[in-house]
Amino acid sequence: MKFYMAPLEGITGYVFRNAHYNYFHPADKYFTPFITPGLNSRRTSKALKDVLPENNRGPRIIPQILTNRADEFIYTEKQLAEMGYDEINLNLGCPSGTVVGKRRGSGFLAFQDELNRFLEEIYGKAELKISIKTRLGKDNPEEFEALLDIYNQYPLEELIIHPRTREEFYRGKPNLTMFQLGFTKSRCPVCYNGNIFTKPDYDSFCSQFPEVTAVMLGRGLVANPALIDVILGEREDMDKLILREFHDRIYADYSEMMSGEVPLLYKMKEFWNYAICLFADTKKYGKKIRKAQSLKSYNEIVNALFETEEIVQGAGFKPNE
């Protein structure tokens with residue numbers, strides 16, 4: 001099985017990816033938070049800085065592009081080719097209201113004729129391999145069959161399917177019936193994405209789809225960075241000391257990039273909200289979490305979080321005995 005790290009905006013930038021690669025079993029591919037291109041974009045922009053080769057030493061990086069304009073896509077594709085990339089990913093899955101309102105991400109799925117023309121142009125002009133990350137549709141899963149007919153017209157490197165619609169966001173269970181349709185009907189390799197948070201989740205999926213050869217892990221892998229290790233049997237669970245070292249590495253790397261304690265702590269707070277709170281009962285532990293994050297120093301905050309046994313267990317791992 002191949003394991004991919006899904007992009008989470010504000011979380012899985014190169015600082016997080018590099019630290020994960022060094023401390024845990026690496027993902028086979030790390031997909032970047034999306035680049036929203038413009039024809040005047042420069043290598044110094046925040047999004048392009050995240051994919052600069054000098055900032056990504058080790059992990060296999062797949063830059064992700066979010067746009068509905070073929071000229072913008074091709075312009076950015078050329079920039080990424082100059083950096084040495086051989087594969088890029090088109091985001092047709094983001095459910096954010098601001099993205100969807102601009103007919104991008106999963107919002108683009110509702111305009112299938114435009115999407116078809118867009119794909120025809122980018123696959124006709126691009127030099128790099130292009131994979132697609134898609135949802136089932138914008139409003140209902142019945143849109144997916146027509147989308148598959150469109151995708152099958154082009155030489156996709158891979159189709160990553162998150163089997164929910166945009167309207168579902170991340171609510172409810174993934175639609176495995178529609179994933180089965182996509183896996184069966186797609187002419188290109190298929191990767192699964194959705195609700196794999198634990199080894200039992202992974203084992204259950206594999207029992208239903210033994211022929212799938214790639215899964216993308218997102219929120220589960222951020223909440224438990226050792227998830228791939230656990231799935232592969234290389235660890236029984238997260239080691240608290242390793243997680244603390246991982247946190248400290250991320251903090252140290254951000255310290256070199258940012259000036260001032262306050263913006264640095266706000267940046268770390270984005271990560272803590274995923275890594276500490278995702279599996280926690282926020283009604284029970286939320287007060288403790290907020291109190292910890294109101295402290296004034298990094299060490300005070302992390303000590304408060306890591307020494308609170310209930311929160312640590314809520315994050316998907318057990319503290320050392």
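Residues numbered from 1 in each chain as written. Predicted model: local features only at pLDDT ≥ 70, side-chain atom pairs only at ≥ 80, totals over all residues. Heavy atoms only, no water.

Colleague: Whenever I open this one, helix α6 (residues 144-151) confuses me. Can you help?
Modeller: Side chains that are three or four residues apart share a direction in an α-helix, a result of its 3.6 residues per turn. Of all the residues in α6, the buried ones are Phe144, Leu147, Leu148, Ile150 and Tyr151. All buried residues of α6 lie within an arc of 155 degrees about the axis, which places them on one face of the element. (Buried < 20%, exposed > 50% of the residue type's maximum accessible area, 1.4 Å probe, protein only. Helix = DSSP H or I, 4+ residues; strand = E, 2+ residues; numbered from the N terminus. Arc of directions from axis to C-beta.)

Colleague: Sorry if this is basic, but what is going on with the nonpolar core here?
Modeller: Nonpolar side chains in soluble globular proteins tend to end up buried together. Formed by 77 residues in total, the largest nonpolar core has its most connected members in Leu80, Leu119, Ile122 and Tyr151. Dropping the residues within four chain positions of it, Leu119 is found in contact with Leu90, Gly124, Ile132, Ile150, Tyr151 and Tyr154. Of all hydrophobic cores here, the second largest spans eight residues; its members include Tyr4, Ala6, Cys191 and Ala214. (Core = buried A, V, L, I, M, F, W, Y, C linked by side-chain atoms within 4.5 Å. Contact = heavy atoms within 4.5 Å.)

Colleague: So what exactly am I meant to see when it comes to the packing of aromatic side chains here?
Modeller: Each aromatic ring pair is summarised here by two numbers: the centre-to-centre distance and the angle between the ring planes. Here the structure, examined in full by the defined rule, presents 14 aromatic pairs. Here Tyr4 and Phe31 contribute two aromatic rings whose centre-to-centre distance is 5.5 Å and whose plane-to-plane angle is 45 degrees, an arrangement assigned as tilted. Linking Tyr4 in strand β1 (residues 2-5) with Phe31 in strand β2 (residues 29-31), this pair joins segments that are 27 residues apart in sequence. Using a relative accessible area of 0% as the deciding quantity, one classes Tyr4 as buried. A residue is classified by how much of its surface remains accessible, and Phe31, at 0% relative accessible area, is buried. An angle of 85 degrees between the planes, with centres 5.0 Å apart, marks the rings of Phe179 and Tyr192 as edge-to-face. Residue Phe179 is found in helix α7 (residues 176-185), and its partner Tyr192 is found in strand β8 (residues 190-193); the two are separated by 13 residues along the sequence. Comparing Phe179 with Tyr192, the two get one shared label, buried. Cation over ring: Arg103 sits above Phe111, and NZ or CZ is 3.8 Å from the ring centre. In this structure, Arg135 packs its charged tip against the face of Tyr170, placed 4.9 Å from the ring centre. (Phe/Tyr/Trp six-rings, centres within 6.5 Å; stacked < 30°, edge-to-face > 60°. Lys NZ or Arg CZ within 6 Å of the ring centre and 35° of its normal.)

Colleague: How do you make sense of the sheet that holds β8 when you look at a structure like this?
Modeller: What the nine strands build is an open sheet, ordered β3-β2-β1-β9-β8-β7-β6-β5-β4; its pairing is parallel. At either end of the open sheet lies a strand with only one pairing partner, and these are β3 (61-62) and β4 (64-65). Of the strand pairs in this sheet, β1 and β2 are connected by two bridges, and their pairing is parallel. Following the sheet pairing, Met5 is matched in β2 by Tyr30. (Pairing = 2+ DSSP bridges.)

Colleague: Can you walk me through the environment of Ile242 in this structure?
Modeller: Along the chain, Ile242 falls in helix α11 (residues 240-257). Exposure remark for Ile242: the relative accessible area of 21% places this residue in the partly exposed category. As for Ile242 and Tyr23, which are separated by 219 residues in sequence, their C-alpha atoms are 7.5 Å apart. The contact partners of Ile242, leaving out residues within four places of it in the chain, are Tyr23, Phe24 and Arg235.

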